[in-house]
Amino acid sequence: MTLQSGQVLRQAYDTARHLPDRVLHRRRHVAALERLEREQRPRKILVVCYGNVCRSPYLQAVLQRALPDLEVMSAGFYGSDRPVPEASLTLSAKRGFDLSRFRSRPLTQATVSSAELVIVMDSNQASQMARMFRANPARIVIAGDLDPRFEVRRAIRDPWNQSADVFESSFNRLDRCAAALVTALQRPK
């Protein structure tokens, strides 16, 4: 098998693997926004990713700036007191965010219980939040469902130990998700 045919096979596999997400994206996007517009505006938002060092600190910073009247916090399933990686610091700084003092923190029952809206990066994390922390599934939103555009998969790709291009792609997607969330939360009820 040549390199080119291997790449074609890989692309076909990825397309087929994520076809259900592609087909369902528009419906999930509309449903997420309608739910946010219908519910009472949350006062406290929790952003969750696996390690709380790449995606969730960035989205927390974006949302905190856009929604200064709300409390936005973040946490992760793994590790604590870890700094944001250099690629994330650099890209965040270019976008006007200083994450140099940020340190990861683990999810706790108290943190989850106090949040009125929980944003996760993929469906597995949504299931874990409901199962491990008894979070009400109606309070959980998968970030990718907020993205007006579909990009390969529903999940927001974890850029940990990846290139700067992967960080940029993930952060661009999180920016779109944040913009959709802010618009939905600012609509009059």
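Cut-offs applied
- For every chain, the first residue of the written sequence is number 1, and numbering continues from 1 along that sequence.
- A pLDDT threshold of at least 70 governs which residues receive local features in this predicted model, and a stricter bar of 80 or more applies before side-chain atom pairs are shown or counted, although totals over entire chains, interfaces and linings include all residues.
- The basis for every side-chain value is the complete set of non-hydrogen atoms in the structure, without hydrogens or water.
- Comment: elements are numbered from the N terminus, with helices defined as DSSP H or I runs of at least four residues and strands as E runs of at least two.
- As a reference, a globule follows 2.2 Å times the number of residues to the power 0.38, and the radius of gyration itself is taken over C-alpha atoms.
- Classification of residues uses two cut-offs on accessible area relative to the type maximum, computed with a 1.4 Å probe and protein chains only: under 20% is buried, over 50% is exposed, and between them is partly exposed.
- Only heavy atoms enter the contact rule, under which two residues are in contact if any of them lie within 4.5 Å.
- Exposure was quantified through the Shrake-Rupley algorithm and a 1.4 Å probe, taking into account, for residues, occlusion by the shown protein chains and nothing else.
- A positive count includes Lys and Arg, and a negative count includes Asp and Glu. His and the chain ends are not counted in either.
- The atom standing in for a charge is NZ when the residue is Lys, CZ when it is Arg, CG when it is Asp and CD when it is Glu.
- In this description, strands pair whenever DSSP reports at least two bridges between them.
- Seen with its strands pointing away from the viewer, a crossover is right-handed when the path leading from the first strand over the helix to the second is clockwise.
- A cavity here means a set of points on a 1 Å grid, drawn over the protein atoms and nothing else, where a 1.4 Å probe fits but cannot get out; a pocket is an open set with protein on both sides within 12 Å along at least five of seven lines, and a residue lines either one if it has an atom within 4 Å of a point.
- Grid points are joined across faces, edges and corners, and a volume is the space filled by probe spheres set on the points.
- For this scheme, ten residues count as nonpolar: Ala, Val, Leu, Ile, Met, Phe, Trp, Tyr, Cys and Pro. Four count as charged, namely Asp, Glu, Lys and Arg, and the remainder, Gly too, count as polar.
- Stacked, tilted and edge-to-face are the three classes applied to pairs of Phe, Tyr and Trp rings, where Trp contributes its six-membered ring and a pair requires centres within 6.5 Å; stacked means planes under 30 degrees apart, edge-to-face means over 60, and tilted covers the rest.
- Lysine NZ or arginine CZ positioned within 6 Å of the ring centre and within 35 degrees of the ring normal marks a charge as sitting over the ring.
- Residues grouped as a nonpolar core are buried Ala, Val, Leu, Ile, Met, Phe, Trp, Tyr and Cys residues, joined through side-chain atoms within 4.5 Å.

Asker: Would you mind showing me how to read the overall build of the chain here?
Answerer: Each helix and strand in the chain was counted, giving 8 helices and 4 strands. Traced from its N-terminal end to its C-terminal end, the chain shows the element sequence α-α-β-α-β-α-α-β-α-β-α-α. Its C-alpha radius of gyration of 17 Å places the chain within 12% of the 16 Å reference for a compact globule of 189 residues. Overall, the chain is about 55 × 35 × 30 Å in size when its C-alpha atoms are taken along their principal axes. Looking at the chain residue by residue over its 189 residues, the buried ones come to 46%. Pairs at least 24 residues apart make up 74% of the contacts formed inside the chain by residues separated by at least 6 positions. Carbon and sulfur atoms make up 52% of the accessible area of the chain, which totals about 10100 Å². Each charge class in the chain was averaged separately, 30 positive and 19 negative side chains, and the resulting centres sit 3 Å apart.

Asker: Just checking my understanding: could you explain the side chain of Ser 88 for this structure?
Answerer: Along the chain, Ser 88 turns up in helix α4 (residues 86-94). The buried category is assigned to Ser 88, whose relative accessible area is 0%. Once residues lying within four places of it in the same chain are set aside, the contact partners of Ser 88 are Val 53, Cys 54, Leu 99, Phe 167 and Phe 171.

Asker: Quick question: what am I supposed to make of the pairing of strand β3 (residues 117-120) here?
Answerer: Along any regular strand the residues' side chains alternate between the sheet's two faces. Burial along β3 is two-sided: the face carrying Leu 117 and Ile 119 and the face carrying Val 118 and Val 120 are both buried. Across 3 bridges, the pairing between strand β1 (residues 44-49) and β3 is parallel. Opposite Leu 46, over in β3, you have Val 118 as the bridge partner. For β3 and strand β4 (residues 140-142), the ladder comprises 3 bridges, and the chain directions are parallel. Looking at the pairing, Val 118 lines up with Ile 140 of β4. Note on the crossover from β3 through helix α6 (residues 123-133) to β4: the handedness is right-handed.

Asker: Before we go on, may I ask you to explain the side chain of Ser 170 in this structure?
Answerer: Within the secondary structure, Ser 170 sits in helix α8 (residues 164-186). We classify Ser 170 as buried; its relative accessible area is 3%. Setting aside residues no more than four positions away along its own chain, Ser 170 makes contact with Ile 156, Arg 157 and Pro 159.

Asker: Any chance you could explain the layout of surface pockets here in plain terms?
Answerer: Over the atoms rolls a probe the size of a water molecule, and in doing so it shows where empty space is left. When its volume is computed, the largest pocket comes out at roughly 240 Å³. What lines the largest pocket is a set of 13 residues, and nearest its centre among them are Glu 39, Gln 40, Pro 42, Glu 116 and Arg 139. The residue makeup of the lining of the largest pocket, split by class, is 6 nonpolar, 1 polar and 6 charged.

Asker: How should the packing of aromatic side chains be read in this particular structure?
Answerer: Aromatic ring pairs are defined here through the distance separating the ring centres and the angle between the ring planes. All told, the structure shown has 4 aromatic pairs when counted by the stated rule. Between Tyr 58 and Phe 97, the ring centres sit 5.7 Å apart and the planes meet at 85°, which makes this aromatic pair edge-to-face. Of this pair, Tyr 58 sits in helix α3 (residues 55-66) while Phe 97 sits in the loop between α4 and α5 (109-114), placing them 39 residues apart in sequence. Grouped by ring-pair contacts, the aromatic residues Tyr 58, Phe 97, Phe 167 and Phe 171 constitute a single cluster. The ring of Trp 160 has Arg 82 lying over it, and the distance from NZ or CZ to the ring centre is 5.8 Å.

Asker: Just to check I follow, could you spell out the nonpolar core for this structure?
Answerer: Generally speaking, a soluble globular protein has its nonpolar side chains buried in company with each other. Counting 38 residues, the largest nonpolar core has Ile 45, Leu 63 and Leu 146 as its most contacted members. Of all the secondary structure elements, the ones that give two or more residues to this core are α2 (19-38), β1, α3, β3, α7 (143-146) and α8. With 10 residues, α8 is the largest single contributor of residues to this core. In contact with Ile 45, other than residues within four places in its own chain, are Leu 67, Leu 70, Glu 71, Val 72, Met 73, Leu 117, Ile 119 and Leu 185. Grouped together as the second largest cluster of nonpolar side chains are 15 residues, Leu 107, Val 112, Val 120 and Phe 133 included.

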